[in-house]
2 protein chains.
Amino acid sequence: MILRGTIVTTTELGKLTCLPGGCLRLDEQGTVLECLPELPGGQEPVTDYGDRLILQSFSDLHLHGPQFPQVGMGMDLPLLDWLNTYTFPLEARFADLNYARSVYERLAKALIDGGTTRVAMFSSLHTDATLVLMEELERAGVTGYVGKVNMDRNGGVNLQETTEESKRETLRWLESCQQFRHIQPILTPRFTPSCTDELMAWLGNLAQERGLPVQSHLSENDAEIAWVRELHPDCAQYWETYHKYGLWVPRTLMAHCVHSDRRERTAMRDHGVTVVHCADSNLNLCSGTAPVRQLLQEGVNVVLGSDIAGGAQLFMPQVMTASIRASKIRAMTHGDAPLSAAEGYYLGTTAGQQFFGAAPGFGVGEKLHAVVVDDSRFAMDPKRTPEERLERALYQMEPADIVAVWSDGRKVK
Amino acid sequence: MILRGTIVTTTELGKLTCLPGGCLRLDEQGTVLECLPELPGGQEPVTDYGDRLILQSFSDLHLHGPQFPQVGMGMDLPLLDWLNTYTFPLEARFADLNYARSVYERLAKALIDGGTTRVAMFSSLHTDATLVLMEELERAGVTGYVGKVNMDRNGGVNLQETTEESKRETLRWLESCQQFRHIQPILTPRFTPSCTDELMAWLGNLAQERGLPVQSHLSENDAEIAWVRELHPDCAQYWETYHKYGLWVPRTLMAHCVHSDRRERTAMRDHGVTVVHCADSNLNLCSGTAPVRQLLQEGVNVVLGSDIAGGAQLFMPQVMTASIRASKIRAMTHGDAPLSAAEGYYLGTTAGQQFFGAAPGFGVGEKLHAVVVDDSRFAMDPKRTPEERLERALYQMEPADIVAVWSDGRKVK
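Residues numbered from 1 in each chain as written. Chains lettered and ligands numbered in written order. Predicted model: local features only at pLDDT ≥ 70, side-chain atom pairs only at ≥ 80, totals over all residues. Heavy atoms only, no water.

A separate point is the nonpolar core. Residues Leu137(A), Met397(A) and Leu137(B) are the most contacted members of the largest nonpolar core, which totals 229 residues. Not counting residues up to four positions away in its chain, the partners in contact with Met397(A) are Leu55(A), Phe58(A), Phe315(A), Pro317(A), Val373(A), Arg377(A), Phe378(A), Arg392(A) and Ile402(A). (Core = buried A, V, L, I, M, F, W, Y, C linked by side-chain atoms within 4.5 Å. Buried < 20%, exposed > 50% of the residue type's maximum accessible area, 1.4 Å probe, protein only. Contact = heavy atoms within 4.5 Å.)

Each side of the interface is counted separately: chain B has 45 residues, and chain A has 45 residues. Between chain B and chain A, the buried area comes to about 3900 Å², and carbon and sulfur atoms account for 54% of it. For the chain B face of the interface with chain A, the top three residues by lost area are Arg325(B), Met332(B) and Met380(B), together amounting to 17%. Joining chain B to chain A, the criterion identifies two salt bridges. For Asp280(B), the salt bridge identified is with Arg325(A), shortest N-O distance 2.6 Å. Where chain B packs against chain A, one counts 22 residue pairs in polar contact (both at pLDDT 80 or more). The set of elements that each furnish at least two residues to the side of chain B that touches chain A consists of α2 (97-113), α9 (279-284), α11 (316-334) and α14 (386-396) of chain B. By residue number, the principal contributor to the side of chain B that touches chain A is α11(B), which donates seven residues. Classifying every residue of the side of chain B that touches chain A by side-chain character gives 21 nonpolar, 11 polar and 13 charged. (Buried area = accessible area lost by both parts, 1.4 Å probe. Salt bridge = Lys/Arg side-chain N within 4 Å of Asp/Glu carboxyl O. Polar contact = N/O pair within 3.5 Å; in protein donor to acceptor, adjacent residues only side chain to side chain. Helix = DSSP H or I, 4+ residues; strand = E, 2+ residues; numbered from the N terminus. Nonpolar A, V, L, I, M, F, W, Y, C, P; charged D, E, K, R; others polar.)

We now examine the side chain of Thr130(B). All names here are of chain B. Tracing the backbone through its elements, the reader meets Thr-130 in helix α3 (residues 127-140). The exposure class assigned to Thr-130 is buried, which follows from its relative accessible area of 0%. Setting aside chain neighbours within four positions, we find Thr-130 in contact with Ser-123, Ser-124, Val-146, Gly-147, Lys-148 and Trp-173.

As a further point, take the domain arrangement of chain A. Residues and elements named next belong to chain A. Parsing chain A into structural domains produces domain 1 (2-56 + 359-411) and domain 2 (58-348). For domain 1 and domain 2, the distance between their C-alpha centroids amounts to 29 Å. At the interface, 26 residues of domain 1 touch 24 residues of domain 2. Note on domain 1 versus domain 2: buried area summed over both sides is about 2100 Å², and carbon and sulfur give 70% of it. (Domains from an automatic or database assignment.)

Pairing between the strands of a sheet is mediated by backbone hydrogen bonds and can be parallel or antiparallel. Residues and elements named next belong to chain B. Taken in spatial order, the four strands of this open sheet run β5-β6-β7-β9, and their pairing is parallel. The strands lining the two open edges of the sheet, one partner per strand, are β5 (58-64) and β9 (183-185). Each adjacent strand pair in this sheet contributes to an overall mean axis angle of 20°, direction not counted. Sheet topology places β5 next to strand β6 (residues 116-122); five bridges connect them, and they run parallel. Looking at the pairing, Asp-60 lines up with Val-119 of β6. (Pairing = 2+ DSSP bridges. Axes fitted to C-alpha atoms, helices over the stretch in contact; angles between N-to-C directions.)

Here you go:
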């Protein structure tokens, strides 16, 4: 089978490869066999998207599934009030599986409608609701990781486990995860203040024994960093509270890293830890602006996250442009070179793919993850280059402009 | 006639008035007769929007019509490269009336689809294309001001008039404007560097003689401010270059004002000049962040503008949330109190209405300017308050969620 259109991919930070009238040859399982500059001879069936853009689909590597109903609410509140007024009471509602089902079905659909085919997501601490979330993502065609949250201290009302419960439920959850094909488990200590040392050590062992990936939060704001320092006077820096329990490994995603200094950044690079940049959340909650340019220059892996609901934009093109906008704040306050549109696109696509071990761009031998964008709604000038059309699409498109989505070789929209 | 729904209005900065199940009584011309907390008795026909939100429609008081095709392109370029690569060549194309018609028809539709019923807009220097723009806005149902741009120095290739041409064309344009009912002319010296002293003086006289409003740019970035200082060594500050020619009056809109210090802000307040805050543009072009909180506290009139295409968001709810986000940058860099959702809504609605002399909120005796928003797509919790629903709608809605629009008493969507 062949897909034809204006292909725009990025295999290297800041570089675009454009093939107007380009073709993707796929096998029956949706594996990419070739990426060609023009239609090959032969009898294969062609799906011709004409002049539409064929882009890599998007990766959202930090979001909280149970916070989806709260997007865009309480953005005026400081972090702790926001958590206590909205987030914790809302998360507690996911003990109710019917509520969980209704929210997660919508979330999964919204992700696919918006072209997000890879995720790393926090659930709540509820094992059964986490399984519902995984089911709904699997059903909609999303791939990636979901984590049952571990939280045996400093939780909200009705939102805390005992250490024993947390261990037992984590094991029960992991056993049930074997039913899923495209959604895999990721260990998810909420953040250092939420987990006792005993639980952290147990999770670190589990990660090691089973080769499981890990996700958590790091250095998001000053109050949090000071709190971690109080809790762990033995650790010079926040990252060490993960490292000392074996949770600082190449399969680790750390969200935010707004205040990570050179020493912390070096520890990320040396251990292959991946930073999830959440630009909109960092701005909404006045956390600061992450040193993305430094991270990239120093060789740290950086990917993007919507951070629903600290972030208020689920749609990844908005997350990419929010990252570009945040980089302009850094440009004004720190003189850092801002992110280009090509760089934003790379961070929201190829960088995310690589966390899952996939080749950059549309890699030969990889199952296809792609979106087809009809930009005719905002294209008033047919002479624009594919590079210009990509940038304009990132800034202007809405989910409705995405007319087709492939995830792991399957057409899911 | 009666409209029924969940009415949310703002008549004072930071304050919301919410009427769930509220009613607007209108006469046959769409004039508001009453705003009621519940359905009155009587035989009047009722359009019942159920639980949907009835909001004030939006005012966009700074945007460049001819830059609409360029939204979201060249956002990586510095201001001068951006102008020379995209803006000036694009604006020059509006000598072609067919091209102008095709762009302006789409722009007018996009404005109404997005609930923007009041504008103050820059056209290009082309008189006939400006009349086409006014026609298309009038036809679509937009109200407000459009200005033929005056530009007799420092223009781009094919984008400059002689002083004589500029005067003659301005008079010809003003004469032709009499055909319009809802769109009125506004004098539009592009900015001080674009107009000779002779032209500025002539425009100032014209503004005075005919009581015309004025729009221009002020204190957007440092290089521009330095340039103005070179051009007008007699003026201590940028604003004085408008003041000395009679262009600094209560009918004046000044876009940006990013770098306006206390003296310049005091001159705004004392002369009743209105500032158009263009948050997204200021960030995209790394101009800085405007001192909105200071302006408000000091009693200066502040309204919002999309500044298409320095800004990349035409849809005013995005402009409002961009303003809130920009205020968080100021909070982090200057310690200013950030804008609340209610304040963002006020600036994008009532503040704009007041520039046109309309009463705040849904004023009795005023022609209705309103939008009806169906927020069921993102409402997963029926117990939310109208205040929470408004905030969520500002952050999440798309034009498709606006199911009805009234402009000057007429239903236009």
